[in-house]
Amino acid sequence: MTFKGKINLNNIFLPERDKELIVIAGPCSAETETQVLETAREIKSIGKVDIYRAGIWKPRTNPGTFEGVGKEGLKWLRKVKDETGLLTAVEVATPQHVEEIFKCESCVDIVWIGARTSSNPFSVQEIANSLKGTDIPVMIKNPINPEVKLWAGAIERILKSGIENVAAVHRGFYPFEKSNLRNIPKWELVFELKSMFPEIPVINDPSHIAGKRSLIKEISQKALNLNFDGLMIETHISPDTALSDAKQQITPEELEKLLDELTYPKAQSDNKEFIDLLEQFRERIDAIDFQMLELMSGRMKIIEQIGKYKKENNVTIFQLKRWLDIMLTREDFGKKMGLDKKFVIKLLQLVHRESVRKQSE
Ligand code: PEP
Ligand code: MN
């Protein structure tokens, strides 16, 4: 993976673009003209950023907090474009926002739909309708709740409005459990989305996943290792004084260091030795997967017999003591085999759920 030298707005998110990393940076919110321009100048000087992001209308959890500078900020973005040549991106949440963007000529190149908006199909549809007949590229952030179909539905609504140049942004999901992250990545949902829309690039937003500066690099690296198509990193000239998301924003200087320190694995290698060995590893994994399924099928056949047997003898399907015993012995064995405890528990819960379902049949 390499950095794009020059990016072409017309195909920035289309499949025919060269497979290179898309880097998006800029403040959570546009606050003042000076803040917007100074941040943009420094970001431009890094030489690795393609798109400048800045929120103009901010979806805040609590009223009375800073809700964005509004359309005034659009003109600052025109200056960013004129001065730096960076492409500009803004969040839109209503058709009125879309209208303002088109009224301000040469101000905004790309729009994105935020996580709160993509959670609501009515809002997404209204935005999709207002985009009809235009060819502005659109990025769609994942909805707050971990429901891949909702995310896919939002993407589909935009595609159906005739917009072709579309990207998904992965910003993590609301943490229903206690977590040191602001939003839980749930990487597996991205793989699911990718299998539904193989041609649509997915950009990782480590800032909103992390919620704090110290974790941004680690999450970015993970995204690169997983073959994401880009990164969106909140960057502010003076993060500590930022009017929104202060804790997670980094300076342009820190962004430069971070981009330098990351490693950029390639999606493929043409080294024959590597390909051969990888093939051998994969064959072994395939064999193990099939063995696992065969064993599981054997287990389920016994379960069926047990189900019948319990029924004939008028005994309940769920047996607490047996279940606790299974968990304990397997956890113990898993530990000895070097398996992660949480993984073993999840796997057994899944198997047990299926066993109960089978017996209930
Ligand atoms: C943002 O990008 O600043 C933002 C509000 O993000 P999200 O919609 O992911 O919360
Ligand atoms: Mn933000």
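Rules behind the numbers
The residue numbering used here restarts from 1 in each chain and proceeds along that chain's sequence as written. Labels are handed out in written order, letters beginning with A for the chains and numbers beginning with 1 for the ligands. pLDDT decides what is reported in this predicted model: residues at 70 or higher carry local features, side-chain atom pairs at 80 or more are listed and counted, and totals for whole chains, interfaces and linings draw on all residues regardless. With hydrogens and water set aside, each side-chain value is computed from the structure's full complement of heavy atoms. A cutoff of 4 Å decides nearness: a residue is near a molecule or strand if any of its heavy atoms lies inside that distance of it. Here a polar contact means two N or O atoms within 3.5 Å. Within protein one must be a hydrogen donor candidate and the other an acceptor candidate, and residues neighboring in sequence count only if both atoms are side-chain atoms. All accessible areas in this document rest on Shrake-Rupley with a 1.4 Å probe, and a residue is counted as covered only by the protein chains that are shown. Three residue categories are used. Nonpolar comprises Ala, Val, Leu, Ile, Met, Phe, Trp, Tyr, Cys and Pro, charged comprises Asp, Glu, Lys and Arg, and polar comprises the others, including Gly. Domain limits in this description derive from either an automatic procedure or a database domain assignment. Donor atoms are limited to N, O and S found within 2.8 Å of the metal ion, a distance that becomes 3.2 Å for Na, K and Ca. With water left out, some sites might look partial. Secondary structure follows DSSP: runs of H or I at least 4 residues long count as helices, runs of E at least 2 residues long count as strands, and numbering of each begins at the N terminus. Burial classes: relative accessible area under 20% of the type maximum marks a residue as buried, over 50% as exposed, and values in between as partly exposed (1.4 Å probe, protein chains only). In this analysis a 1.4 Å probe is tested at points of a 1 Å grid over the protein atoms alone, and where it fits but cannot get out there is a cavity; an open set with protein on both sides within 12 Å along at least five of seven lines is a pocket; lining residues have an atom within 4 Å of a point. Grid points are joined across faces, edges and corners, and a volume is the space filled by probe spheres set on the points. Here the rule is simple: two strands pair whenever DSSP picks up at least two bridges between them. For helices, the fitted axis covers only the stretch in contact; all axes are lines through C-alpha atoms, and the angles between them, taken along N-to-C directions, range from 0 to 180 degrees. A pair of cysteine sulfur atoms is labelled a disulfide when the two atoms are within 2.5 Å. The working definition used for a salt bridge is a side-chain nitrogen of Lys or Arg within 4 Å of a carboxyl oxygen of Asp or Glu. Stacked, tilted and edge-to-face pairs are distinguished by plane angle, under 30 degrees for stacked and over 60 for edge-to-face with tilted covering the rest, among Phe, Tyr and Trp rings (Trp via its six-membered ring) whose centres lie within 6.5 Å. Throughout this description, any angle smaller than 35 degrees is read as roughly parallel, any larger than 145 degrees as roughly antiparallel, any in the 65 to 115 degree range as roughly perpendicular, and the remainder as oblique. By convention the crossing between two helices is left-handed if the near helix lies anticlockwise of the far one by an angle smaller than a right angle, and right-handed if it lies clockwise. Throughout, a residue-residue contact means that at least one pair of heavy atoms, one from each residue, lies within 4.5 Å.

Draft legend 1. Summary view of the site of ligand 1. Near ligand 1, the surroundings consist of 13 residues, among which Arg 53, Ala 115, Arg 116, Lys 141 and Arg 171 are the closest. In this structure, an oxygen atom belonging to ligand 1 sits 2.9 Å away from a side-chain N or O atom of Lys 58. Here Arg 171 contributes a side-chain N or O atom positioned 2.6 Å from an oxygen atom of ligand 1. When the free accessible area of ligand 1 is taken as 300 Å², the share hidden by the protein chains comes to 97%. In the shell around ligand 1, the residues fall into four nonpolar, two polar and seven charged.

Draft legend 2. Quick look at the domain arrangement of the protein. Domain parsing of the protein yields domain 1 (9-261) and domain 2 (272-360). Distance from the C-alpha centre of domain 1 to the C-alpha centre of domain 2: 41 Å.

Draft legend 3. A look at the coordination of the manganese ion (ligand 2). Coordination of the manganese ion (ligand 2) by the protein is provided by Cys 28 (SG), His 208 (NE2), Glu 234 (OE) and Asp 245 (OD), with metal-donor distances spanning 2.1 to 2.4 Å. When the donors of the manganese ion (ligand 2) are listed by position in the chain, the intervening gaps give C-x179-H-x25-E-x10-D. A residue pair is termed long-range when its members are at least 10 positions apart, and Cys 28 in the loop between β1 (22-26) and α1 (33-46) and His 208 in helix α8 (residues 206-210) qualify at 180 residues. Accessibility expressed as a relative area gives 8% for His 208, which makes it buried.

Draft legend 4. Quick look at the layout of surface pockets. Space inside the largest pocket adds up to approximately 700 Å³. Contributing to the lining of the largest pocket are 19 residues, with Met 292, Met 296, Leu 347, Leu 348 and Val 351 lying nearest its centre. Looking at the lining of the largest pocket, the element that brings in the most residues is helix α11 (residues 272-312), giving eight residues. Among the residues making up the lining of the largest pocket, the classes are represented as 14 nonpolar, two polar and three charged. Quantified by volume, the second largest pocket comes out at close to 560 Å³. The greatest single-element share of the lining of the second largest pocket, amounting to three residues, is contributed by helix α13 (residues 341-360). Among the residues forming the lining of the second largest pocket, the class breakdown is nine nonpolar, one polar and eight charged. Each of domain 1 (9-261) and domain 2 (272-360) gives at least three residues to the lining of the second largest pocket.

Draft legend 5. Representation of the sheet that holds strand β8 (residues 230-234) within the structure. Spatial ordering of the closed barrel is given by β1-β2-β3-β4-β5-β6-β7-β8, a layout of eight strands whose pairing is parallel. The sheet shows a mean angle of 25° between the axes of neighbouring strands, taken without regard to direction. With four bridges joining them, strand β5 (residues 138-141) and strand β6 (residues 166-170) adopt parallel strand pairing. Across the sheet, residue Ile 140 finds its bridge partner in β6, namely Ala 168.

Draft legend 6. Layout of the state of the cysteines. All told, the structure shown has one disulfide when counted by the stated rule. Bridging Cys 104 to Cys 107, the disulfide has an S-S length of 2.0 Å. Every disulfide takes its handedness from the sign of the S-S torsion; for Cys 104 and Cys 107 that torsion is -55°, giving left-handed. Here the two residues Cys 104 and Cys 107 agree in accessibility, since each one is buried.

Draft legend 7. Structural detail: unusual backbone geometry. Look at Ser 106: it is not a glycine, yet its phi comes out positive at around 55°. By secondary structure assignment, the location of Ser 106 is in the loop between α3 (95-103) and β4 (110-113). When its relative accessible area of 48% is taken as the criterion, Ser 106 is described as partly exposed. Non-glycine residue Asn 314 carries a positive phi angle of around 55°. Turning to its location among the elements, Asn 314 is positioned in the loop between α11 and α12 (320-336). Of the residues examined, Asn 314 reaches a relative accessible area of 73% and is grouped as exposed.

Draft legend 8. Structural context of the pattern of salt bridges. Within the structure shown, the criterion is met by 18 salt bridges. The residue Lys 48 makes a salt bridge to Asp 260 at a minimum N-O spacing of 2.6 Å. Placement of the pair is Lys 48 in the loop between α1 and β2 (51-53) and Asp 260 in helix α10 (residues 252-261), with a sequence separation of 212 residues. If you follow the salt bridges from partner to partner, you end up with Lys 217, Lys 257 and Glu 261 in one network.

Draft legend 9. Summary view of the packing of aromatic side chains. The tally for this structure, following the rule as stated, stands at three aromatic pairs. An angle of 70° between the planes, with centres 5.2 Å apart, marks the rings of Tyr 174 and Phe 176 as edge-to-face. On the basis of relative accessibility, which here comes to 65%, the residue Phe 176 falls in the exposed class. Seen in terms of ring centroids, Trp 187 and Phe 228 are 5.6 Å apart; in terms of plane orientation they differ by 85°. Their pairing is edge-to-face. A residue pair is termed long-range when its members are at least 10 positions apart, and Trp 187 in helix α7 (residues 187-196) and Phe 228 in the loop between α9 (216-225) and β8 qualify at 41 residues.

Draft legend 10. Spotlight on the packing of helix α5 (residues 121-131) against helix α6 (residues 148-160). Running from amino to carboxyl end, α5 crosses α6 at an angle of 20°, the nearest separation of the two axes being 8 Å. By the criterion of interaxial angle, the relationship of α5 to α6 is roughly parallel. Judged by the sense of rotation from one axis to the other, the crossing of α5 with α6 is right-handed. Across from Pro 121, Val 124, Gln 125, Ala 128 and Leu 131 in α5, the residues of α6 making contact are Leu 150, Ala 154, Arg 157 and Ile 158. Split into classes, the residues belonging to the contact of α5 with α6 amount to seven nonpolar, one polar and one charged.

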